[in-house]
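Each chain, letter by letter, is given below.
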Amino acid sequence: MAVTSIHGMWSTRLAFILAASGSAVGLGNIWRFPYAAGEYGGGAFVLVYLICVAAIGIPIMMAEIMLGRRGRQSPINTMRTLTAQEGRAGSWQVVGWMGIVTAFLILSFYSVIAGWALAYVFRAAAGAFNGIDGVAAGEIFASLVGDAERLLAWHTIFMAMVVLVVSRGVASGLEKAVRYLMPALFVLLVVMVIYAASAGDFAGAIDYLFAPDFEKFKGHAGEAILSAMGQAFFSLSLGMGAIMIYGSYLGRDASIARNSVIVASMDTLVALLAGLAIFPVVFANGLAPDSGPGLIFQTLPIAFGEMPGGQLFGALFFVLLVFAAWTSAISLLEPLVAWLVENLSFSRVRASILAGLTVWLLGIACLLSLNEWSGFTVFGKGILDLFDFLTANILLPLGGILIAIFAGWKMARASSLDELRLGEGLVYRAWRMLIRYVAPTAVMLVMLNALGILKLIGLD
Ligand code: TRP
């Protein structure tokens, strides 16, 4: 069993926590969580989301780190090594391949949204938000997403940033980017919440986010629950091998369980803070919580436009949002780059450029779906929305089920016991029960339920 990865290792245990939280905390928390919660009426969604993080997310995160650290390679080769070790079918490598496809799809739209954030840095700095109301904020947003050329420019810049960091490698590239930026984002988010609490409808927001009202699930409960679960996978970066490869750079002495709980808690905290920063502004300005992917881009500018120093503060906020997206995006590219280096002997730089170019091309289709190609839809969704839906709600949970089954059923008990190093205690046994029974069944049921299959066979 390899003790280190050929791609390098995290220099300290804190570096892993920072990198994994850097992967987890991103647009998923600040852009996606509020709009998904808003789409399904708030509290009930948040409750289901929290349950999914605790009962499905943390156990699967532990499993991913465990597999990665034991295999010490890209997810595809890690699965190959582990299946050989455990005497299982090589076809489990499909976990790694599926992850690559999923990463391509996610990163292609992720980069476009990160491009919105980039564009907003300059708008905020230029004072474009000063004194605007909800209508003006909506117009500013619409004029950005309607302009394919501008979106292309920002998307290109963001992908170049991602390729740059990934091409520099684990210790000098990935690690450096997260060390200062994550704490800064956190501080700024807290300031935003304080501002929203003093100037916005804070009580309304608390009530909206934390008083579950399952009436709001009526008519689309299956879809709402799937969406909350999908959000948990997306936000924790689970189900496609990103956390797995970060685990492959983690030293043997680190506690997988503790790290997983820390990363998941930070991620959840940031999502909730984002909700508390955004919804008070939504309600105070009579905006609709279910206005979709544009939600934060139509609400936060109003707050920046009102607050003293909002020009500087707004620019800073979007800078940090870009950084959060950046540290997430690198974890989406890393598994493929590692594989290209391992199997095709590519240099890291060449591998990063090739992978980045592919994502960049796919991203063009995403950004065009917002304007030129807006008439083209599949299942009523444009390409960007389709990729978003398909990855979070289907591909990541599917990857998660496979990872759970492999870690819980196909890997010998002795192997997971050895790798998790928890001893035979309660924590290990709880993990094993969650990963063997709870996680796979829950994910399966939620997916079947959303497809309406439970109704068909009379179980719902
Ligand atoms: N978790 C990130 C976010 O919330 C996005 C992300 C990074 C991701 N790596 C991932 C999502 C792997 C799914 C899988 O913004």
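Small disclaimer: the values here were computed from a predicted structure and weren't measured. (Residues numbered from 1 in each chain as written. Predicted model: local features only at pLDDT ≥ 70, side-chain atom pairs only at ≥ 80, totals over all residues. Heavy atoms only, no water.)

Draft legend 1. Summary view of a nonpolar patch on the surface. A grouping of L451, I453, L456 and I457 is seen on the molecular surface, where their side chains present a nonpolar patch of about 440 Å² in accessible area. By the element assignment, L451 lies in the loop between α19 (426-450) and α20 (453-456). (Patch = residues over 30% accessible without salt bridge, like charges linked within 9 Å, V, L, I, M, F, W, Y side chains within 5 Å. Areas by Shrake-Rupley, 256 points an atom, 1.4 Å probe, with all protein chains shown as cover. Salt bridge = Lys/Arg side-chain N within 4 Å of Asp/Glu carboxyl O. Helix = DSSP H or I, 4+ residues; strand = E, 2+ residues; numbered from the N terminus.)

Draft legend 2. Up close: the packing of helix α17 (residues 383-410) against α19. Contact pair α17 / α19: the axes reach a minimum separation of 9 Å and the direction vectors enclose 150 degrees. As the angle between them shows, α17 and α19 are arranged roughly antiparallel. The two elements α17 and α19 meet at a crossing, and its hand is left-handed. Only W431, R432, I435, R436, Y437, A439, P440, V443, M444 and M447 of α19 make contact with α17, whose side of the interface consists of N393, I394, P397, L398, I401, A404, I405, A407, G408 and W409. Grouping the constituent residues of the contact of α17 with α19 by class yields 16 nonpolar, two polar and two charged. (Axes fitted to C-alpha atoms, helices over the stretch in contact; angles between N-to-C directions. Parallel < 35°, antiparallel > 145°, perpendicular 65-115°, else oblique. Left-handed = near helix turned anticlockwise from the far one by under 90°. Contact = heavy atoms within 4.5 Å. Nonpolar A, V, L, I, M, F, W, Y, C, P; charged D, E, K, R; others polar.)

Draft legend 3. Looking closely at empty space enclosed by the protein. All chains considered together, the criterion is met by two cavities of 30 Å³ or more. As a volume, the largest cavity reaches approximately 140 Å³. As for the largest cavity, its lining consists of 16 residues, of which S23, I106, F234, S237 and L332 are closest to the centre. Taken together, the elements giving at least two residues each to the lining of the largest cavity come down to α1 (13-24), α5 (94-125), α11 (221-235) and α15 (310-344). Ranked by the residues each element gives to the lining of the largest cavity, the list is headed by α15, at three residues. By volume, the second largest cavity is sized at about 40 Å³. As for the second largest cavity, its lining consists of I100, A103, F104, L107, L332, L333, L336 and V359. Contributing elements (two or more residues each) for the lining of the second largest cavity: α5 and α15. Taken together, the residues of the lining of the second largest cavity sort by class into eight nonpolar, no polar and no charged. (1 Å grid on protein atoms, 1.4 Å probe; cavity = no way out; pocket = protein on both sides within 12 Å on 5 of 7 lines; lining within 4 Å. Points joined across faces, edges and corners; volume = space filled by probe spheres on them.)

Draft legend 4. Main features of the nonpolar core. With 175 residues, the main nonpolar core has W116, F158, F297, F317 and F318 as its most contacted residues. In terms of residue count, the dominant contributor to this core is α15 (20 residues). Ignoring any residue separated from it by four or fewer positions in sequence, one finds F317 in contact with I30, L188, L189, M192, L300 and F304. (Core = buried A, V, L, I, M, F, W, Y, C linked by side-chain atoms within 4.5 Å. Buried < 20%, exposed > 50% of the residue type's maximum accessible area, 1.4 Å probe, protein only.)

Draft legend 5. How the structure looks around the packing of aromatic side chains. Counted by the stated rule, this structure contains 29 aromatic pairs. Aromatic side chains F109 and F234 sit 6.4 Å apart centroid to centroid with 20 degrees between the ring planes, which places their arrangement in the stacked category. Placement of F109 in helix α5 and of F234 in helix α11 is noted, with a sequence separation of 125 residues between them. Each member of the pair, F109 together with F234, is buried. Three or more aromatic residues joined by ring pairs make a cluster, and in this case those are W116, Y120, F129, F141, F297, F304, F313, F317 and F318. Across from the ring centre of F234, 5.0 Å away, lies the NZ or CZ of R32, which sits over that ring. (Phe/Tyr/Trp six-rings, centres within 6.5 Å; stacked < 30°, edge-to-face > 60°. Lys NZ or Arg CZ within 6 Å of the ring centre and 35° of its normal.)

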